[in-house]
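# Chains, contacts and geometry: an overview
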Amino acid sequence: MKLATFKDGTRDGQLAVVSRDLKTAVLADGIAPTLQRALDDWHFIAPQLERLYEDMNEDKARRSFDFDPGRCMAPLPRAFQWADGSSYVNHVELVRKARNAEMPGSFWHEPLMYQGGSDDFLGPTDDIALASEEWGIDFEGEVAVITDDVPMGAAPDDAASHIRLLMLVNDVSLRNLIPPELAKGFGFFQSKPASSFSPVAVTPDELGSAWQDGKVHLPLRATWNGVQVGQPNAGVDMVFSFPQLIAHLVRTRNARAGSIIGSGTVSNKDAGKGYTCIAEKRALEMIADGEAKTPFMKFGDTIRIEMFDADGKSVFGAINQQVAQSIVKKSRH
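Model, not experiment: these values are computed from the prediction.

### A closer look at the nonpolar core
Formed by 62 residues in total, the largest nonpolar core has its most connected members in Phe 67, Phe 139, Val 143, Met 307 and Phe 316. Looking at this core, the element that brings in the most residues is helix H6 (residues 242–249), giving four residues. The contact partners of Phe 67, leaving out residues within four places of it in the chain, are Ala 4, Phe 6, Val 18, Leu 22, Lys 23, Thr 24, Ala 25, Cys 72, Pro 199 and Val 200. Among the nonpolar cores identified, the runner-up in size contains 33 residues, and Ala 32, Trp 42, Ala 79 and Phe 121 belong to it.

In structure tokens form, the structure reads like this:
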């Protein structure tokens, strides 16, 4: 099943079911007004959405219309929780090696995770609006899952049963703001602006055999200013699976329906697969030549992040964004 949220002037948008080929859609207003509402009562609502999805794919659904990603918000326009992991330890190792930082052995055994802002996500074609290029604007291609209620202390095997949907993510980072923030010892904040998500969220069964062991075994393609810069396989070199990430999250707390957990930047040890964030490319340059040559993003730059199945069909639709200069409004006193 593939689900999207359309812009309708409200904060949470309008839930829609999208055909497998991403060509048509139908509003699910007679079943659930929003995706969060569906997640809150998944066992009752999901079968109804599935029946509508089957009708869509058999061309039997009434009131269907052409699917336009430009109308989409993030599948969950705001969420109760956005926790981003760092499952591809190769990425962490490269970035740390480039700045001569020691790699703690624990990074291979216990996931890194930070809690990001979840009250204001970007849709797949929304501009990445920022005030300054000096902040070091970077894209990060990731995969994420959405869960239902996960109880505190759930083991990975149990956590796997709570995964309801998967999405793609552009976890935008402001690289030049990260070092001073981390130096304070309290983690990311201003260096992590709003993240962007794919047009549709899909149930794990849509991935077929590509969904194995809590990982998505498909390449993630990143295209920067029209040039493909990376296509690493998300199922390769993922040290911590999604069930392991979820179990890490709920070690000391419950996770409620609508929690989003990210994989971290998709990265392969095979450098020939390219990169899905600029920081990794710059790290490789630093290691090889002692100097980073690739610049960060500029206003007007575009980024496209997409995943294709074995038949070359887009699974989630594309995150397709442009970096734009924002105007910071100053309050009047």
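### Here we look at the packing of aromatic side chains
This structure, assessed with the given rule, holds seven aromatic pairs. Ring geometry for Phe 6 against Phe 65: centres 5.7 Å apart, planes inclined by 50 degrees, an arrangement best described as tilted. Of this pair, Phe 6 sits in strand E1 (residues 2–6) while Phe 65 is found in strand E4 (residues 65–66), placing the two residues 59 residues apart along the sequence. In this structure Phe 65 comes out as partly exposed when scored by relative accessible area, which is 23%. Geometrically, the ring pair formed by Phe 139 and Trp 224 is edge-to-face, given 5.7 Å between the ring centres and 65 degrees between the ring planes. Residue Phe 139 is found in the loop between strand E8 (137–138) and strand E9 (141–147), and its partner Trp 224 is found in strand E16 (residues 220–224); the two are separated by 85 residues along the sequence. For the pair Phe 139 and Trp 224, one class covers both residues: buried. In textbook terms, an aromatic cluster arises when at least three aromatic residues are bridged by ring pairs, as seen for Phe 6, Phe 65 and Phe 67.

### Description of unusual backbone geometry
Here Leu 22, not a glycine, exhibits a phi torsion of approximately 60 degrees, which is positive. Position of Leu 22 relative to the elements: it lies in the loop between strand E2 (14–18) and strand E3 (24–27). Residue Leu 22 is classed as buried on the basis of its relative accessible area of 14%. Positive phi, normally seen in glycine, also occurs at Asn 225, with a value near 55 degrees. Checked against the element boundaries, Asn 225 lands in the loop between E16 and strand E17 (227–230). Here Asn 225 falls in the partly exposed class, since its relative accessible area comes to 40%.

### A look at the side chain of Ser 19
Here Ser 19 lies in the loop between E2 and E3. A distance of 3.2 Å separates the side chain of Ser 19 from the backbone nitrogen of Lys 23, its partner in a polar contact. Sequence-distant contacts of Ser 19, that is, excluding residues within four places in its chain, are made with Lys 2, Thr 24, Tyr 53, Met 56 and Asn 57.

### Looking at the sheet that holds E17
Here five strands make up an open sheet; going across it, the order is E7-E20-E19-E16-E17 and the pairing mixed. Edge positions in the sheet fall to strand E7 (128–130) and E17, since each of these pairs with one other strand and no more. For this sheet, the mean angle separating the axes of adjacent strands, direction not counted, is 25 degrees.

### What to know about the pairing of E1
Summarising burial for E1: five of the five residues are buried, a large majority. Burial of the side chains of E1 extends over both faces: Lys 2, Ala 4 and Phe 6 are buried on one face and Leu 3 and Thr 5 on the other. By the bridge criterion, two bridges tie E1 to strand E13 (residues 201–202) in an arrangement that is antiparallel. Residue Lys 2 lies in a different strand from E13, and its bridge partner there is Val 202.

### Observations regarding the pairing of E2
Among the five residues in E2, four count as buried, and that is most of the element. As paired strands, E2 and E3 are joined by three bridges and run antiparallel to one another. Opposite Val 17, over in E3, you have Val 26 as the bridge partner. If you look at the hairpin formed by E2 and E3, you'll find five residues sitting between the two strands, and Leu 22 has a positive phi there, around 60 degrees.

### Here we look at the side chain of Asn 90
Tracing the chain through its elements places Asn 90 in helix H3 (residues 89–98). There is a polar contact of 3.2 Å between the side chain of Asn 90 and the backbone oxygen of Asn 268.

### What to know about H6
With respect to burial, H6 is a largely interior element, six of its eight residues being buried. Within H6 the residues assigned to the buried category are Phe 242, Pro 243, Leu 245, Ile 246, Ala 247 and Leu 249.

### A word on the environment of Trp 82
Relative to the helices and strands, Trp 82 resides in strand E5 (residues 81–85). Residue Trp 82 is classed as buried on the basis of its relative accessible area of 1%. Taking the C-alpha atoms as reference, Trp 82 lies 24 Å from Ala 324; in sequence the two are 242 residues apart.

Definitions and limits used
Think of each chain on its own: its residues are numbered from 1, step by step along the sequence as written. For a predicted model such as this one, the threshold for reporting local features is a pLDDT of at least 70, and the threshold for listing and counting side-chain atom pairs is 80 or more; totals across whole chains, interfaces and linings nevertheless cover every residue. To get the side-chain values, take all heavy atoms of the structure and skip hydrogens and water. Residues belong to one nonpolar core when they are buried, are Ala, Val, Leu, Ile, Met, Phe, Trp, Tyr or Cys, and are joined through side-chain atoms within 4.5 Å. Accessibility here uses a 1.4 Å probe with only protein chains present; expressed as a share of the type maximum, an area under 20% marks a residue as buried, one over 50% as exposed, and anything in between as partly exposed. Think of it this way: any DSSP run of H or I at least four residues long counts as a helix, any run of E at least two long counts as a strand, and we number them from the N terminus. Note on contacts: a residue pair is in contact if any heavy atoms of the two residues lie within 4.5 Å. Pairing of aromatic side chains requires ring centres within 6.5 Å, counting the rings of Phe and Tyr and the six-membered ring of Trp. Pairs whose planes differ by under 30 degrees are stacked, by over 60 edge-to-face, and all others tilted. Here a polar contact is taken to be a pair of N or O atoms separated by no more than 3.5 Å, where protein atoms must pair a possible hydrogen donor with a possible acceptor and residues adjacent in sequence count only if both atoms sit in side chains. One bridge is not enough; two strands pair if DSSP finds at least two bridges between them. Each axis is a line fitted through C-alpha atoms, taken for helices only over the stretch in contact, and angles between the N-to-C directions span 0 to 180 degrees.

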